[in-house]
Amino acid sequence: MPINIPKQMPAREVLDKEKIFVMDEERASTQDIRPLNILILNLMPEKEKTEVQLLRLLGNTPLQVNITFLRMETHQSKNVSKSHLEQFYKTFSSVKNYYFDGMIITGAPIEHLPFEKVNYWEELKDIMDWSKDHVTSTMHICWGAQAALYHHYGIGKFELSSKCSGIYKHTITDQTIKLVRGFDEVYFAPHSRYTSISQEKIMNHPGLKLLSKGEAGPFMIISEDEKHIMVTGHLEYDTDTLAIEYERDLKKGLDIQIPENYFPNNDVNEQPLNTWRSHSHLLFSNWLNYYVYQETPYEQDRKVKVNVPVQNKH
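So, how was this worked out
Residue numbering note: each chain is counted from 1, following its sequence as written. This being a predicted model, a pLDDT of at least 70 is required before a residue's local features are given, and a value of 80 or more before pairs of side-chain atoms are given or counted; all residues contribute to the totals for chains, interfaces and linings. Excluding hydrogens and water, the side-chain values take into account all heavy atoms of the structure. UniProt positions are given in the numbering used here, feature names are shortened, and annotations may be inferred rather than shown by experiment. With a 1.4 Å probe rolled over the protein chains alone, any residue whose accessible area is under 20% of its type maximum counts as buried; one over 50% counts as exposed, and the rest are partly exposed. Elements are defined by DSSP. Helices are runs of H or I of four residues or more, strands are runs of E of two residues or more, and each kind is numbered from the N terminus. Between any two strands, pairing holds if DSSP finds at least two bridges. The definition of a nonpolar core used throughout is a set of buried Ala, Val, Leu, Ile, Met, Phe, Trp, Tyr and Cys residues joined through side-chain atoms within 4.5 Å. In what follows, residue pairs with any heavy atoms lying within 4.5 Å of each other are defined as contacts. Salt bridges are identified by distance alone: a Lys or Arg side-chain nitrogen within 4 Å of an Asp or Glu carboxyl oxygen.

Labelled according to an unreviewed UniProt entry, the protein appears under the name Homoserine O-acetyltransferase, originating from Siminovitchia terrae. Of the protein, the UniProt comment under Sequence similarities (unreviewed entry) reads exactly: "Belongs to the MetA family." According to UniProt, the comment filed for the protein under the heading Function (unreviewed entry) is "Transfers an acetyl group from acetyl-CoA to L-homoserine, forming acetyl-L-homoserine."

Listed below in structure tokens is the structure:
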């Protein structure tokens, strides 16, 4: 089944080329089906790339998925046009009276800052508090996972001696949890961050369960009530994302190491291989199926607007 996004959204052209079934609002409104309504708070600077990465994974499901993109009102994005944000993104004040089946809070390259120094931290706290009773399940990615662990569970982050960048091996700590159903005992995932979180604090917290760990530390964490899922890496990354980030950091003059276990023979001139794609799709499919679709009643007994359409501006 398709994902439902605005017809004019640039991501649509990329997804069409990849044969991913995309539907616009007009056609979706004629379908006699209860779609899932997913809210994506996109905090990444290159928003259009992140849109494609997430939509690609959300489209790999038999469920119809309506997508609403959310931006921060208290932060001015520098790497995306104002017109793109106005045309395809909503603000929290315009969606806070609605309920959503699922939500994704992305990462952001701001882990060098204390949470309280992030200029949209107060707004993000309001959104995370709101999500507890307005969203069935929320997936937090990378810095978004660190923010959730800090805000909801009081677990802070700490700085690493050097950037954690590369493809790292992970193992599953509990195969009975539905989120990792079908995962191999050993699998790989990209990481790209300067900070980490304490595995010991996660394991000792009564409200959290560690699902997966690896060479880069704790990877997947789920809350006891299963409403919050924290993923410390970037399974959504494209094959070349780490290479692009590495080249960007070099141009900035940063003292950066080559991403680990990424370029064949550690040669930046060789094409990296994607060794995490299947588990990326599996994670998002499991999340949509077990934690969003199966946990949301068909007929909501709350004030719900089934879809929050973005007003297209011409």
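Participant: Mind laying out the pairing of strand β6 (residues 100–105), listing which residues take part and the relevant values?
Facilitator: Of all 6 residues in β6, 6 are buried, a share of seventy percent or more. Sheet topology places strand β3 (residues 36–41) next to β6; 4 bridges connect them, and they run parallel. Across the sheet, the residue bridging to L41 is I105, located in β6. Bridging between β6 and strand β7 (residues 135–141) involves 5 bridges; their strand directions are parallel. Pairing of F100 across the sheet is with V135, part of β7.

Participant: Help me get a handle on the nonpolar core, residues and values and all.
Facilitator: Counting residues in each nonpolar core, the largest one holds 53 residues, and the members touching the most others are M220 and W287. Considering every element that reaches this core, the biggest residue donor is helix α10 (residues 277–293), with 7 residues. Leave out the neighbours within four places in its chain, and M220 touches L179, V180, F183, Y187, K209, L210, L211, S212, M230, V231 and L283. Residues L41, F92, V95 and I110 belong to the second largest nonpolar core, which totals 35 residues.

Participant: Account for unusual backbone geometry, with residues named and values stated.
Facilitator: At N261, a position not held by glycine, the phi torsion is positive, near 55°. Following the sequence through the fold, N261 ends up in the loop between α9 (241–251) and α10. Although it is not a glycine, N266 adopts a positive phi angle of roughly 60°. Along the polypeptide, N266 turns up in the loop between α9 and α10.

Participant: Describe the pattern of salt bridges, listing the residues and the values that go with them.
Facilitator: In this structure the tally under the stated criterion is 8 salt bridges. Salt-bridge contacts for D238 lead to R56; the nearest nitrogen and oxygen are separated by 2.8 Å. With a gap of 182 residues between them, D238 in the loop between β12 (228–231) and α9 and R56 in helix α3 (residues 47–58) connect regions that are remote in the sequence. The class of R56 is buried, set by a relative accessible area of 18%. Linking K132 and D129 is a salt bridge whose minimum nitrogen-to-oxygen distance equals 3.7 Å. Separated by 3 residues within a single helix, K132 and D129 lie in helix α6 (residues 121–134), roughly one turn from each other. Judged by its relative accessible area of 33%, D129 falls in the partly exposed class. Residues joined in a network through salt bridges with shared partners are K163, R248 and D249.

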